[in-house]
Amino acid sequence: MMLFHHCFAFPSRYEGYQIVTFLLSEETLNTLASFCKITVGIFAFVSGYGLSAQSEHLKDEKIPAAVGRRCRKMLVSFWVIAIPCMIALQIAQNRVISVYFQDGRVNGVFYLLIDLLGLRTVFGTPTICGEWWYVGTALIFILSAQFWRKAISKYRWLPLAAFVLVPRILDVGYLGGTVPLSFTMPYLFGIYFQTCDLFPKLDQAAKKLGAVGKLLLALVLFTVSFFLYHSLDSSLYEIRFGISPLLFILACRMILSYTAEPVRALSFIGKYSGNMYYLHSILLYALLPDFLYQQSWCGLTLLWLLAITLVVSVLIEKSKSWFCTHRRGLPPTHTQREPGLMPRLSLCHISTFVSVGKEVQLATYSFSSSAAGSEAAVFSCTA
């Protein structure tokens, strides 16, 4: 969904290329791709759910160290992709110099460091890749998870109500589609669902509907999610980016309760989705636009982008795993986890959020030492 959104939601990004849509009109293609912006809300929901679950059994004195490790590991995972991408763009297009150093060397170094820390939306500095804005949002989610978890555990739904009312009272308004505040509501929903253990309760209620009833309800939820997103103004961002993704997640859970095979396949992609998120827009807009957008069908553009980013991500994680095991003097077939290290949550997301469906533990606890974690979930991606 994230890749589809970035491929076709904005006609200006593929201007000059002949996009073959077959049965769909270009307007319909753009509308469907635009809807996939809800992946950001899905990422935020799974971030909240996973981070809340990770901190559930941590003692208070261990939380700062665990949060620090999580932030460090997320940034390192980001740098492993970002720095080679910057080098490639500088060699191919002189992009690093033209983007960061237009205001002099000192400012250029500052802009570069801010981008690598994921804070460019905070400072409003230039960036080499607009889609990397979510890195800063993920950091904020990691740092604030324990606060929100304690508040929701004690007061239940009141923090969610306060989050809706206080910005309205202060007349904050909608700040844009790349600002953490716009996606805090689905993040809080994730913490609320985990803290109150709502998924098992919803599963029990859904069993009473039977197979046909669950399928019909899932279709209704998909439809309502779609129309909520497209019919509401962005000023109602709590609903557009909060309720709409939540309904989509619930619908996916019902559909995927019939079989585990899609969950396994999507969970495999989810392990590498962090890398795919960091990498895909660089390939799509800068390095391989001619190859990707000149395919004979728009679906091939999406499939090629998925295949290339997945293969590169797998190779990156295999290389990281090989380096870590040999550096620690371990046999290549073994991995090691630091004592007290929180389980890794893969940012994407496309797959991980679907895993919230039948086997929510796949979305919450991904212990693979090679998981691509830009923590904060599914995937991602993002938009």
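In this report, we go over the structure that sits alongside the text. All residue numbers refer to position in the chain's written sequence, counted from 1. The predicted origin of the model limits local features to residues at a pLDDT of at least 70 and limits the giving and counting of side-chain atom pairs to 80 or more, whereas totals for whole chains, interfaces and linings rest on all residues. Side-chain measures here rest on the full set of heavy atoms in the structure, leaving out hydrogens and waters.

## A few points about the overall build of the protein
A tally of regular secondary structure across the protein gives 19 helices and zero strands. For every residue, the accessible area obtained with a 1.4 Å probe (protein chains only) is divided by the maximum for its type, and the residue is called buried under 20%, exposed over 50%, and partly exposed between those limits. Counting over 383 residues, the protein shows a buried share of 52%. By definition, any uninterrupted DSSP run of H or I lasting at least four residues is a helix, any uninterrupted run of E lasting at least two residues is a strand, and each is numbered from the N terminus.

## Things to note about helix α12 (residues 210-231)
Between the first and last residue of a helix there are one fewer steps than residues, each counted as 1.5 Å, and that sum is the expected span. Over its 22 residues, α12 extends 31 Å from the first C-alpha to the last, a length consistent with the 32 Å expected when each residue adds 1.5 Å. Lys214, Ala218, Leu221, Ser225 and Tyr229 are the residues of α12 that are buried. The arc that holds the buried residues of α12, viewed along the axis, is 65 degrees, so those residues lie on one side. Among the exposed residues of α12, those oriented more than 90 degrees off its buried face are Val212, Leu216, Phe227 and Ser231. The elements touched by buried residues of α12 are α2 (26-35), α3 (38-55), α11 (198-207) and α13 (237-256). Arc definition: directions from the helix axis to the C-beta atoms. Residues are treated as being in contact if the distance between any of their heavy atoms lies within 4.5 Å.

## Considering the environment of Leu247
For Leu247, the position within the fold is in helix α13. The exposure class of Leu247 is buried, given its relative accessible area of 16%. On a C-alpha basis, the gap between Leu247 and Val224 in space is 7.7 Å, while along the polypeptide they are 23 residues apart. When residues no more than four places from it in sequence are discounted, the contact partners of Leu247 are Leu221, Val224, Ser225 and Leu228.

## Description of the packing of aromatic side chains
Note on aromatic contacts: the rings of Phe and Tyr and the six-membered ring of Trp form a pair at centre separations within 6.5 Å, being stacked when their planes are under 30 degrees apart, edge-to-face when over 60 apart, and tilted otherwise. Evaluation of the coordinates by the stated rule reveals 33 aromatic pairs. Summarising the aromatic geometry, the rings of Phe35 and Tyr229 are spaced 6.0 Å apart at their centres and angled 80 degrees between planes, so their arrangement reads as edge-to-face. With Phe35 in helix α2 and Tyr229 in helix α12, this residue pair connects regions lying 194 residues apart in the sequence. One exposure class covers both Phe35 and Tyr229, and it is buried. One cation-aromatic arrangement involves Arg240 over Tyr229; the distance from NZ or CZ to the ring centre is 4.2 Å. Two limits define a charge over a ring: the Lys NZ or Arg CZ must be within 6 Å of the ring centre, and within 35 degrees of the ring normal.

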